[in-house]
Amino acid sequence: MSALNNPVIAVIVSLILAVGYFAMVDHYLMDMQGLDFWYLFRQ
Amino acid sequence: MGLVTRKSLFAIMGLCAMVGLLLLPIVMALPSLAIGEEAPAANAEKKEGDKVEKGRDVYYKTEGIVMGAPAPKTVDGPRDYPRYNFESRVLLWFANQQHLYYGSFVLAVPIFCMIIEFMGVVTKDKALAKRYDQLAYDFIKISLTAYSLTAVLGGILIFTFLTLYPAFFGYLSGIFRPVMHIYALMFVAESGTLYIYYYGWDKMKEGFLKWIHLSMSVVLNIIGTLLMFLANSWIGFMMSPAGVDEQGRFLGNIWHVIHTALWNPLNLHRILGNMAFGGGVVAAYAAYKFLASKTDEDRAHYDWMGYIAMALGVAFLIPLPFAGYWLMREVYAYRQQMGITLMGGLLAWLFIIQATMIGILFLSTNYYLWQAMGRMRGAEKYQRYIKYLVFLLACGYMVFITPHTMVMTPAELKAMGGQQHPVLGNYGVMSAKNGGINVIITTTVLSFVWYMRGNKVSTVSWAKFGNIFMGVFFACAYFNIIGLAVYGYYIPANVRVGLSVPQVATTLSCLFFMFALNGVMMKGAKQMGPIEWGKISARSQYALIMLATAFTWMMGLMGYIRSSVRLFWHVNEIMRDNSPWAYTHTVGFAANMISFNVLFFWVSILFVFWLGSLAAKKAPVEAKAGVPGAVPQPAASH
């Protein structure tokens, strides 16, 4: 826990968790509707 | 049960007998429903050999034996549309709206009572438990007088229907005949349960009897909710009929008539709306009492009451736009043209007004919370960041209320280069609006989180990481919501339409995860000072009144929109409205009518509050006593 209380490490870990979580939310919730979230990037 | 005395046992038995008697009419009504359903089979046997006419359900596409008369083809005249020297539709609009306002209020308040009474029963702090109990009692007391008025207004509504729209009402009551009496009997059961619940409060205040009393509030709310669902089935049938053939003849399956395409979305939308409305009205009542209070104790009590009512109301307000989206989605799925009329055609400007009102609701809530932070020592640290929240809210609000196109003169049209503004016009599409409203709601969640931790400092060992994670999570949520809104401009409409789901999920993630994380972090937190109830600016109380008024206005508006979307149909595509008033009013007329309804409701409910104050029950001394500023202590329960 003490390492996580280091602000730099805390920001990096938080960013990884939050960005990963929201990317999953975007991808899977679009997928569940039969839509492709990465449509633009596949063109 | 060993603790239950003989006297208590008799009381419980008496109570059970009373509740059983109250519920008996409903049980007795059920066989008649069954008979109604068996009737076609019986008739079929009786008329064996005779030709049995069958029809096809307009929505479910199933075949059924025709059991009712076709929808009447009305003509404009005294037979189908008797009238006074006034527009009948406006009279009906007024009667309907007032009944709905009061109905919503008296259905919502018992749910609040149930929640607050439960909080009082389970809390270990005895002083706080008494305060919760007193608050729940205050809530039900307010609704009791309103309850009689709801019944009176219901009677007026029925007479208005019978007098001014006899053909239509005859048809509708014919279709819903199997459940009409159940509705009436459930109303009797609801009234009886409410009176026992209210008048039995003192007699059932301790021990096992208190749990019985609490259970009665559950029964009360189940009956109330079922009543609302039944009433919703009528408007659901008028908008998206089912269970009848194309001539409007009943096909024998009452469940099909009730369970129409829009019934469930309407049920969810209305229950959330009622709760938010009820919270707003009680908060406004508390605000009024706060402003009129002469003592610090009263101010502390009504400040707390206003906060609890507002918090409960907003808890249901936050998911309301999502329920609205579901309803609209189902409307589009049922009839695309109906959806276009609502959001892209004749009624689209009313949705801009609706967006304005939704924005006002959230702005008022945030303003109240920022003002409320003033009564906490330690919350000053957040004050300097509020301007950033104002910026986010203002941006979200401006995008949310931007219309797609403007009504203009030819000269204005030429000057702007088209109906759509070259820059601002881009914000008038759903992609931007979804982003706008989600930013507003996420900011409201953030304001709540700040409020809940205002006077506390977390003592958990990972507090620093928790705070940083919370900040990063909110920042990423904003980035995701706005990013998805921008992304929507670059992809085709059939893909874009799905982006609203992850946007909503992002907002709800903030709501649930951040509330939960904050709760864990603040468990056993160090308090910088007590919440000084009563020491809040008068402006905050006006924000509560604003919240309630805006909600009342929005309810009137949305009711009008929902009803107007049928255009010239009494029952969509089944029974045509041939009265002279089968046209859509101008936006100005509708706005004036809604304002009149809002004004009438608030004047009448002030009268109800005044009546209630005449018979005010003196609060238990211990419940109101205490040092102002130190009590009550709901902060610990945040």
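Small disclaimer: the values here were computed from a predicted structure and weren't measured.

**Focus: the overall build of chain A**
Broken down by element type, chain A carries two helices and zero strands. With the principal axes as the frame, chain A shows a C-alpha extent of 45 × 20 × 10 Å. Here chain A, with 43 residues, has 21% of them falling under the buried criterion.

**Focus on the overall build of chain B**
Tallying secondary structure elements over chain B gives 22 helices and six strands in all. Here chain B holds 638 residues, and the buried ones make up 43% of them. Residue pairs in contact within chain B that sit at least 24 positions apart in sequence constitute 83% of those at least 6 positions apart.

**Overview of the nonpolar core**
All names here are of chain B. Among the nonpolar cores identified, the biggest contains 175 residues, and V109, F139, V282, A283 and L547 are the most heavily contacted of them. Among the elements that line this core, the one with the most residues is helix α8 (residues 263-292), at 15 residues. Two domains each put at least three residues into this core: domain 1 (7-39 + 64-361 + 532-638) and domain 2 (377-528). Every residue in contact with V109, bar those within four places of it in the chain, is listed here: F139, I140, I142, S143, G278 and V282.

**Some points on helix α19 (residues 500-521) of chain B**
With 22 residues, α19 of chain B extends 31 Å between its outermost C-alpha atoms, agreeing within 8% with the 32 Å of an ideal straight helix rising 1.5 Å per residue. Where α19 of chain B is concerned, the buried positions are S500, V501, P502, Q503, V504, T506, T507, S509, C510, M514, N518 and M521 of chain B. Here the buried face of α19 of chain B lies against α1 (7-32) of chain A together with α10 (320-334), α16 (430-452) and α17 (463-487) of chain B.

**A closer look at the interface of chain B and chain A**
Across the boundary between the two partners, chain B contributes 19 residues, which contact 20 residues of chain A. Going through the elements one at a time, α17 and α19 of chain B are the ones with two or more residues in the side of chain B that touches chain A. With eight residues, α17 of chain B is the single largest residue contributor to the side of chain B that touches chain A. Looking at the side of chain B that touches chain A residue by residue, the classes come out as 13 nonpolar, five polar and one charged.

**Thoughts on the environment of V25 of chain A**
Secondary-structure assignment places V25 of chain A in helix α1. Counting along the chain gives 13 residues from V25 of chain A to I12 of chain A, while the straight-line C-alpha distance between them is 20 Å. Once residues within four sequence positions are removed from consideration, V25 of chain A is found in contact with P502, A505, T506 and S509 of chain B.

**Some details on the domain arrangement of chain B**
All names here are of chain B. Parsing chain B into structural domains produces domain 1 (7-39 + 64-361 + 532-638) and domain 2 (377-528). Of note, the centres of domain 1 and domain 2, computed from C-alpha atoms alone, are 30 Å apart. On the side of domain 2, 13 residues touch domain 1, which itself brings ten residues to the contact. For the side of domain 1 that touches domain 2, the secondary-structure elements that each account for two or more residues are α10 and α12 (348-372). For the side of domain 1 that touches domain 2, the element with the most residues is α12, which contributes four residues.

**Focus: the packing of α16 of chain B against α19 of chain B**
Residue and element names in this part refer to chain B. One way to put it is that α16 packs onto α19 with a least axis distance of 10 Å and a crossing angle of 0°. The angle between α16 and α19 places the two elements in the roughly parallel class. Along the contact surface, α16 presents N434, G435, N438, I441, T442, V445, V449 and M452, while α19 presents S500, Q503, V504, T506, T507, C510, L511, M514 and N518. Looking at the contact of α16 with α19, its residues break down into eight nonpolar, nine polar and no charged.

**Some remarks on the environment of I111 of chain B**
All names here are of chain B. Of note, I111 is situated in helix α2 (residues 88-122). Along the backbone, I111 and N221 are 110 residues apart, and their C-alpha atoms lie at a distance of 6.2 Å. Ignoring any residue separated from it by four or fewer positions in sequence, one finds I111 in contact with N221 and M275.

**Here's the deal with helix α11 (residues 336-343) of chain B**
All names here are of chain B. Burial in α11 covers these residues: M338, T341 and L342. For α11, the angular spread of buried residues about the axis comes to 100°, placing them on one side. Residues of α11 that are exposed and angled more than 90 degrees away from the buried face: Q336 and Q337.

**Some words on the confidence of the model for chain B**
Low pLDDT means the predicted coordinates in that region are not meant to be read closely. Residue and element names in this part refer to chain B. Summing up the model confidence of chain B, the mean pLDDT is 87 and the portion of residues at 70 or higher is 89%. Throughout residues 33-39 the model reports pLDDT below 50, and contacts reaching past four residues in sequence, or to other chains, amount to five contacts. Every residue in residues 618-638 scores below 50 in pLDDT, and together they form 32 contacts with partners more than four places removed in sequence or on other chains. Of the two predicted TM-score estimates for the complex, the pTM is 0.84 and the ipTM is 0.96.

Rules and cut-offs
Residues numbered from 1 in each chain as written. Chains lettered and ligands numbered in written order. Predicted model: local features only at pLDDT ≥ 70, side-chain atom pairs only at ≥ 80, totals over all residues. Helix = DSSP H or I, 4+ residues; strand = E, 2+ residues; numbered from the N terminus. Buried ≥ 20, exposed ≤ 12 C-beta atoms within 10 Å, placed from the backbone. Contact = placed C-beta atoms within 7 Å. Core = buried A, V, L, I, M, F, W, Y, C linked by C-beta atoms within 7 Å. Domains from an automatic or database assignment. Expected span 1.5 Å × (residues − 1). Nonpolar A, V, L, I, M, F, W, Y, C, P; charged D, E, K, R; others polar. Axes fitted to C-alpha atoms, helices over the stretch in contact; angles between N-to-C directions. Parallel < 35°, antiparallel > 145°, perpendicular 65-115°, else oblique. Arc of directions from axis to C-beta. pLDDT = per-residue confidence, 0-100.

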